[in-house]
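What follows is the residue order along each chain.
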Amino acid sequence: MALEGRVALVTGAGRGIGKAIAMTFAGEKAHVVVNDVCSRNELERVAKEVSAFNVESMAIQADVSQYDQVKEMISQIEKTFQRLDILVNNAGIIRRGNIETVTEEDWDQVIRVNLKGTFNCCKAVVDIMKRQRRGKIINVSSVAGKMGDITSAPGYGPSKAAIDGLTKTLARQLAQHGINVNGVAPHAIETEMSAEWSEEKRRSIIEAIPLKRLGKPEDVAEAVIFLSSDKADFITGEILDVNGGFFMD
Ligand SMILES: NC(=O)c1ccc[n+]([C@@H]2O[C@H](COP(=O)([O-])OP(=O)(O)OC[C@H]3O[C@@H](n4cnc5c(N)ncnc54)[C@H](O)[C@@H]3O)[C@@H](O)[C@H]2O)c1
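Residues numbered from 1 in each chain as written. Predicted model: local features only at pLDDT ≥ 70, side-chain atom pairs only at ≥ 80, totals over all residues. Heavy atoms only, no water.

### Structural notes on the overall build of the chain
- Broken down by element type, the chain carries 8 helices and 7 strands.
- Considering only C-alpha atoms, the chain reaches an extent of 50 × 40 × 35 Å along its principal axes.
- Burial status across the chain gives 49% buried among its 249 residues.
- If you take every contact in the chain between residues at least 6 apart in sequence, the share linking residues at least 24 apart comes to 74%. (Helix = DSSP H or I, 4+ residues; strand = E, 2+ residues; numbered from the N terminus. Buried < 20%, exposed > 50% of the residue type's maximum accessible area, 1.4 Å probe, protein only. Contact = heavy atoms within 4.5 Å.)

### Some words on the sheet that holds strand S1 (residues 7-10)
- The strand order across the open sheet built from 7 strands is S3-S2-S1-S4-S5-S6-S7, with neighbouring strands paired in parallel fashion. Since the sheet does not close on itself, it has two edges, and those belong to strand S3 (57-61) and strand S7 (239-242), each with one partner. This sheet shows a mean twist of 15° between the axes of neighbouring strands, independent of strand direction.
- Two elements, strand S2 (residues 31-36) and S3, share 5 bridges in a ladder whose sense is parallel. Across the sheet, residue Val33 finds its bridge partner in S3, namely Met58.
- Sitting on the sheet, helix H1 (residues 16-27) touches S1, S2, strand S4 (86-89) and strand S5 (135-140), and the angle it makes with S1 is about 170°.
- Strands in contact with helix H8 (residues 217-228) are S4, S5, strand S6 (179-186) and S7; relative to S6, the strand with the most contacts, it is inclined by about 165°. (Pairing = 2+ DSSP bridges. Axes fitted to C-alpha atoms, helices over the stretch in contact; angles between N-to-C directions.)

### Here we look at the pattern of salt bridges
- Applying the stated criterion across every chain yields a total of 17 salt bridges.
- For Lys136, the salt bridge goes to Asp233, with nearest N and O atoms at 2.5 Å. Of this pair, Lys136 sits in strand S5 while Asp233 sits in the loop between H8 and S7; the two residues are 97 residues apart in sequence, bridging distant segments of the chain.
- Given the relative accessible area of 3%, Lys136 is considered buried.
- With relative accessibility at 40%, the residue Asp233 sits in the partly exposed group.
- Ionic pairing is found between Glu207 and Lys212, a salt bridge with its closest N-O pair at 3.8 Å.
- Via salt bridges that share partners, Arg6, Arg134, Lys136, Asp230 and Asp233 belong to a single interconnected network. (Salt bridge = Lys/Arg side-chain N within 4 Å of Asp/Glu carboxyl O.)

Here you go:
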């Protein structure tokens, strides 16, 4: 098992891609802390599914956009496990619309959760990872950060582009401490975030993907597992596309 005994924190793990990442870590025998703002019951259910893999699990409700809550979450993890090997910044929100319809509140909220949430978690774990002299941080970005997006309100693509910039900046700053910082940039993954698409829209999205299917949360999870493993020790500052060939750079 590539990650046996490692401790991983996955934000936004109550459902969708985050949940798939948490389950895939558990399958690799990593201990997993699942975080979300969803109900305690939902989050406990995910933690229970994780522990069915005979690994330790912990559920922590916290809003990643609030630094005090993130700090508290990381100290709970430190108290319980005395370490944290992997941080996956997956929590994210999207707002639909365009520049005419987007409200200032929507803009602020998307930037606060997606970008500041990622910054908050990175900042809160860095001391632990520096002390360990190793750590892996993986930020879940989006193809929208690389090429823009016509369906999401203007905050989403910029929040993800800024996450890519943060990923590269921290990759440079933290390399000397043995900490790798990478990202994944998914496109068209079947989750509740994409459930609102009409049948016609789904068809046109699939048509534009060379591999001719939508992605599965597990497709993203496997890329995250690779970047979390020792096999990716010489990779940092990379934003790995998980998009069926839709966008190539
Ligand atoms: N689904 C896609 O096609 C797709 C494509 C590109 C990128 N992404 C990115 O992947 C990530 C996961 O997306 P998903 O499709 O699973 O979305 P989702 O909406 O199904 O899940 C996101 C989870 O994050 C949680 N969350 C929201 N705000 C939070 C906060 N402040 N603190 C903690 N948790 C919070 C939600 O409660 C939810 O459980 C997001 O960052 C998203 O931008 C998704």
